[in-house]
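Below, each chain spelled out in residue letters.
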Amino acid sequence: MDGEQIVYEARQHWIIYWKPFLLLLASIAIFAIPTQDVQFTIQIIASAVMLIGAAIWALNIYGGRKYILTTSRLILKRGIIRRESTDLILRRCEGVSIRQSIMGRIFRYGTVAVSTGEVVNEFRLIEDPVRFSTQINQQISHNFDPMV
């Protein structure tokens, strides 16, 4: 939009890939087991299938997600082939909250929830959710400040 600037772009935390990473390790482990002839062929096929499965799983988890905070909107985009976008107008946002587990606090990830009336939009497994929440609150207060 005219005069709108990107203020912050949040990312999902790397922890979202832990299950595909375990599948990748299992694929490597299967390939590393010493075998011969037919068993070796089966081993290569199983390893390749698991590797492709891990890649597809990771791509599905990522899903082309983007969380963009501008001076007037909070934008969620997702999808690689088919794109879906949600825009939240900051002046309509009523509250921002953060949920973090113990692991989330240790590894600095969590869920940021933004409420707009009766609807709550959740941004899950966000890297550094406190910073993202702070940036959202700053833009909300900036939009409501009559002196700006």
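What you see is a predicted model; the values in this text were computed from it and never measured. (Residues numbered from 1 in each chain as written. Predicted model: local features only at pLDDT ≥ 70, side-chain atom pairs only at ≥ 80, totals over all residues. Heavy atoms only, no water.)

A. Main features of the sheet that holds strand 5 (residues 95-99). Pairing within the open sheet is antiparallel, and its three strands lie in the order 5-6-7. What marks the edges here is a single partner per strand, and that holds for strand 5 and strand 7 (119-127). Direction aside, neighbouring strands of the sheet carry axes that sit 20 degrees apart on average. Bridging between strand 6 (residues 109-116) and strand 7 involves seven bridges; their strand directions are antiparallel. Looking at the pairing, Val112 lines up with Phe123 of strand 7. (Pairing = 2+ DSSP bridges. Helix = DSSP H or I, 4+ residues; strand = E, 2+ residues; numbered from the N terminus. Axes fitted to C-alpha atoms, helices over the stretch in contact; angles between N-to-C directions.)

B. Main features of the packing of aromatic side chains. Throughout the structure, instances matching the rule amount to five aromatic pairs. For the ring pair Trp14 and Phe107, a centre distance of 5.9 Å and an interplane angle of 80 degrees mean the geometry is edge-to-face. Residue Trp14 is found in the loop between strand 1 (6-10) and helix 1 (18-32), and its partner Phe107 is found in helix 3 (residues 102-107); the two are separated by 93 residues along the sequence. (Phe/Tyr/Trp six-rings, centres within 6.5 Å; stacked < 30°, edge-to-face > 60°.)

C. Representation of helix 2 (residues 37-62). The terminal C-alpha atoms of helix 2 lie 38 Å apart, and with 26 residues this matches the ideal 38 Å at 1.5 Å per residue to within 8%. Among all positions in helix 2, only Gln43, Ser47, Met50, Ala54 and Ala58 are buried. Close packing links the buried residues of helix 2 with helix 1. Following helix 2 by one or two positions, Gly63 has its phi on the positive side, about 60 degrees. (Expected span 1.5 Å × (residues − 1). Buried < 20%, exposed > 50% of the residue type's maximum accessible area, 1.4 Å probe, protein only. Contact = heavy atoms within 4.5 Å.)

D. Spatial organisation of the pattern of salt bridges. Following the criterion strictly, the structure yields seven salt bridges and no others. Between Glu4 and Arg73 there is a salt bridge; the shortest N-O distance is 2.9 Å. With a gap of 69 residues between them, Glu4 in the segment before strand 1 and Arg73 in strand 3 (residues 73-78) connect regions that are remote in the sequence. The class for Glu4 is buried, based on a relative accessible area of 17%. (Salt bridge = Lys/Arg side-chain N within 4 Å of Asp/Glu carboxyl O.)

E. Representation of the sheet that holds strand 2 (residues 66-70). Taken in spatial order, the four strands line up as 1-2-3-4 in an open sheet, and their pairing is antiparallel. Whereas interior strands pair on both sides, the edge strands pair on one side only; in this sheet they are strand 1 and strand 4 (84-89). Between one strand and the next, the sheet's axes are offset by a mean angle of 15 degrees, whatever the strand orientation. Note that strand 1 and strand 2 share four bridges and pair antiparallel. Pairing of Glu9 across the sheet is with Ile68, part of strand 2.

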